[in-house]
There are 2 protein chains.
Amino acid sequence: MKLLVKVMDIASPGVLLHQTDAGTIGVLEGDRVRVFNEASGESATALVSITSSVLAPGTIGIYRKTNGRLGFAEGSTAEVRDAERLASIDAIKKKMDGGRLTQEEILGIVKDTVAENLSPVEMTAFVTASYIHGLDMDEVEHLTRSMVETGDRIQFATHPIVDKHSIGGVPGNKISLIVIPVIAASGLRIPKTSSRAITGAGGTADLMEVLAPVEFSSEEVKRMTEKVGGVIVWGGSTNIAPADDRFIMVEYPFRIDATGQMLASVMAKKSAVGADLAVIDIPVGAGTKVLTVQDGRRLASQFMELGERMKIHVECALTYGESPVGHAIGPNLEVHEALVLLEGAQVPGSLLQKSLALSGIALEMAGKAARGQGYAMAESLLRNGKALEKLRQIIEIQGGDREVKAEDIVPGEHRFVVNAPLDGYVVELNNRALITVARAAGAPHDRGAGLLIHAKKGAKVKQGEPIITIYAERSWRLQKAVEIGRQLMPILVEGMLLGRISPVHWI
Amino acid sequence: MKLLVKVMDIASPGVLLHQTDAGTIGVLEGDRVRVFNEASGESATALVSITSSVLAPGTIGIYRKTNGRLGFAEGSTAEVRDAERLASIDAIKKKMDGGRLTQEEILGIVKDTVAENLSPVEMTAFVTASYIHGLDMDEVEHLTRSMVETGDRIQFATHPIVDKHSIGGVPGNKISLIVIPVIAASGLRIPKTSSRAITGAGGTADLMEVLAPVEFSSEEVKRMTEKVGGVIVWGGSTNIAPADDRFIMVEYPFRIDATGQMLASVMAKKSAVGADLAVIDIPVGAGTKVLTVQDGRRLASQFMELGERMKIHVECALTYGESPVGHAIGPNLEVHEALVLLEGAQVPGSLLQKSLALSGIALEMAGKAARGQGYAMAESLLRNGKALEKLRQIIEIQGGDREVKAEDIVPGEHRFVVNAPLDGYVVELNNRALITVARAAGAPHDRGAGLLIHAKKGAKVKQGEPIITIYAERSWRLQKAVEIGRQLMPILVEGMLLGRISPVHWI
């Protein structure tokens, strides 16, 4: 039927129909119509919302994104008909019923996801059904390839291309700021696309943004990597595997990270940047995504099998994830800690060891170091200042200040110190609670917000000694973080008197 | 933080934030904020959508429904903070992981569903997880009670109150137009709330609307039932078990009807209208929702168990569902067929038998007829004109014309006759395909659209004899229905030559 066009300033794609017109066309909320602009010859399929009041009968509201394809002027006339059922919906239903999806079905779902043809209801059903029934390795491979195909791809002229990924879940994991420069300093190429924090206190992209811009196209990623050997950018701006962001949006409310989708998401990004080899960091332990070493081994073997199918050489490192990496959580605090280490301070501990171990694996895989010699080579690239110089080149080419120093990066001015309630040992640091407190303080949005942990698990403390400092940029945020810390008690100290475990009081 | 209010004419509840402000508050798309109107003292929790262009930073878009609670004037100032995580989301996650939900958890989900606190993503995850993992009888009982509690309830002073329900899936099932008058004519009370077609060619409410208005409050349902013994209204306008409509919206794209949700939906409506006894029609066979008699028995025993828990006496009738009930599909055609029968025409066949059988069961359950005598009593109420007089009273009290006759109800003027391609027998009538053709012709929206089946399954036909007539109110609809019929071939005729099965040609 013919309807008068009203262009509506709503960001999502779709159209709005009056319920009388929807009845005439024969569609319900959630159905699709095909809209024709007979003047321009353009047509598009769009999801239908229905109103009985926002529009008058005889009028169709066309949302901005949909009108981008149709090009209607306000007040022109559209021809509107009901559209055929999307094949993807039948494929999603098949997965809900426990079926295995074919390559074609998965490609269809991913294409419709990227084109925003699927409604939130339909996408959620796919993600939920995949989470509950799982995806087998064939399905994971199809999903990976479909995610690669529906986005940008980088092809380098020379090889090997190295990549690195951490599956996350452990706070303070700023190792990419060290690993990428070390690997690039060895002469290898590593075009690292990373994420912003969704549920965490700071993703690698949030951290790097303290030092330089991180939003680049995939063309720019390629050019910069060819010039200086590496980059650290935000994957969200590259159009690499764009389906992933939409799947994550659905997983977000439930804090799930379905294995099949996670495997596909990680490996699609590696494949799309042209990686030949990848080292995957799998933090293991209570408070992480992988609870036991057995689970970690299983996940590692899945990553390696998928790598083989995608022609990427994968090795995995199971790492200790029960307490934060290093001492800092939150963008500025973490960047400061990484720069201190790159500038040559003799800071022993988890951050140094983990960074060198992962760098070493990559150097060995790429043939830069003999088996067993990677760690030492990584250490020497760190000690001789080449890694710091490489980070400066990366900062510079991304548009930051190459002369930046650790002392320039300062935390928020509002601070609260938590002291040990008694003489004893730190027996627990709860990852999830630490992240929640850091987020309450404002991380990652407020770059200066976060936590500094003075006494890590196993440390001996005396009554009244500081064990954590909370930093915030705004005083009300600090107050809120302190309140939440009081409820969650992210740190426990045990006294000499065996068996007495005291919560730390946040007075 | 303080933001300038812009009231937005969007029908769903929620708020729109600029991404900069969302970052400052610490929320992402799909999170919730608490909005305070400090002038009026009102506050509300709302789902967040995020834009980088529709609004300027410093401004919050408040959707009409949400502002209904907050009462902001355009240009006033709102205080906006991040809100706590809904407990319902943890309960939904538990179901995704295969857990059993408690009464409290289910009540929370249903309350948040009715209040529109849950986003489409969250509701879909609940419906999908319940579909995949199933709900056990305790969960179904909790869901039923929660759906009753969160809506209107009718309490009658005198008892018993009777109800009737068909789980659907078979086209042409206009029996409520006969069963309700027959039962009410016996002196029993039957406040029938029915549905409009979602995927079908005409729900009972669509049919009744040909004769009288069907939109009433639950108060009016009570008053009218007390006066004339029965009503046939649309459940959607009563606020009885309002959660159901929202769950169905999610199931709609996938054409699913999850058993647990369906049991709860049916029985919540029976409980909310105060029914003491209910007869449930379960059509069985290929092309219906219940494929085998075994499946039908299992479903019947679930209905009876749930009835016992809800203190409603339930009996079920497994009915033949492999071909349409009667000969007509589509509102006017079905109403005409039912009126012809009530007016006393001697039309043998499935419509008469099914209507009397179901009426008879209810009459026996209520003690109006002795065991085994219900069918005969129903038949006499039909034959002696009391059922017709009762329907007229129902039509009148609902605001229709009590003098209406079968001949007044005419089908659409555009017609297409499909003839038998050879001498033989009708060997297949495909329910789903018949419905699709009737919908393509315009049913249920166009009341005159639909199908009349001249030769049902098993009928002997001669080449060139009409086997189906398609009716439409608009010629382009008729054309489309004919095209779709050509593709779907809803009827097959087999010749005398054994084994030769011919599709009917839609020339």
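Residues numbered from 1 in each chain as written. Chains lettered and ligands numbered in written order. Predicted model: local features only at pLDDT ≥ 70, side-chain atom pairs only at ≥ 80, totals over all residues. Heavy atoms only, no water.

What follows deals with the packing of aromatic side chains. All names here are of chain A. Enumeration over the complete set of coordinates arrives at 2 aromatic pairs over all chains. With a centroid separation of 5.8 Å and 45° between ring planes, the pair formed by Phe-126 and Phe-247 is classed as tilted. Of this pair, Phe-126 sits in helix α5 (residues 120-133) while Phe-247 sits in helix α10 (residues 243-251), and the two are 121 residues apart along the sequence. According to the relative accessible area criterion, Phe-126 is buried, its value standing at 2%. Stacked on the ring of Phe-36, the Lys or Arg Arg-81 has its end atom at 4.6 Å from the ring centre. Positioned above the aromatic ring of Trp-234 is the side chain of Arg-196, whose terminal nitrogen or guanidinium carbon lies 4.5 Å from the ring centre. (Phe/Tyr/Trp six-rings, centres within 6.5 Å; stacked < 30°, edge-to-face > 60°. Helix = DSSP H or I, 4+ residues; strand = E, 2+ residues; numbered from the N terminus. Buried < 20%, exposed > 50% of the residue type's maximum accessible area, 1.4 Å probe, protein only. Lys NZ or Arg CZ within 6 Å of the ring centre and 35° of its normal.)

Residues and elements named next belong to chain B. In this fold, Pro-57 is placed in the loop between β4 (42-51) and β5 (59-63). Sequence separation between Pro-57 and Met-224 is 167 residues; the distance between their C-alpha atoms is 54 Å. Those residues in contact with Pro-57 that lie beyond four places of it in its chain are His-18 and Asp-21. (Contact = heavy atoms within 4.5 Å.)

Turning our eyes to something else, we now look at the sheet that holds strand β7 (residues 162-166) of chain B. Working definition: the strands of a sheet are paired by backbone hydrogen bonds and lie parallel or antiparallel to each other. All names here are of chain B. The strand order β7-β10-β11 describes an open sheet built from 3 strands, whose pairing is parallel. Of all strands in the sheet, those with a lone pairing partner are β7 and β11 (313-320), marking the two edges. Neighbouring strand axes in the sheet, compared pairwise and without regard to direction, differ in orientation by 20° on average. Relative to β11, helix α12 (residues 293-309) is tilted by about 165°, and along the sheet it contacts β10 (277-284) and β11. (Pairing = 2+ DSSP bridges. Axes fitted to C-alpha atoms, helices over the stretch in contact; angles between N-to-C directions.)

In this complex, chain B contributes 43 residues to the contact, which on the side of chain A involves 43 residues. Note on chain B versus chain A: buried area summed over both sides is about 3800 Å², and carbon and sulfur give 61% of it. Its largest share of buried area at the contact with chain A, chain B owes to B:Met96, B:Val121 and B:Phe254, together 17% of the area lost on that side. Where chain B packs against chain A, one counts 2 salt bridges. Among the ionic pairs, B:Lys480 bridges to A:Asp82, the shortest N-O distance being 2.7 Å. Residue classes in the side of chain B that touches chain A are distributed as 20 nonpolar, 9 polar and 14 charged. (Buried area = accessible area lost by both parts, 1.4 Å probe. Salt bridge = Lys/Arg side-chain N within 4 Å of Asp/Glu carboxyl O. Nonpolar A, V, L, I, M, F, W, Y, C, P; charged D, E, K, R; others polar.)

With an RMSD of 0.1 Å, the fit of chain B onto chain A corresponds to turning through 180° and sliding 0.1 Å along the axis. Both chain copies can therefore be described as sitting about a two-fold axis. Most of the interface of chain B is mirrored in chain A, where 100% of its interface residues again form contacts. (Least-squares fit on C-alpha atoms with pLDDT ≥ 70 in both.)

Here we take up the nonpolar core. Judged by nonpolar contacts, the single largest core of 122 residues is most densely connected at A:Ile282, A:Phe303, B:Ile282 and B:Phe303. Once you skip the residues sitting within four places of it in the chain, B:Ile282 turns out to touch B:Ile167, B:Val290, B:Gly296, B:Leu299, B:Ala300, B:Phe303, B:Cys316, B:Ala317, B:Leu318 and B:Thr319. (Core = buried A, V, L, I, M, F, W, Y, C linked by side-chain atoms within 4.5 Å.)

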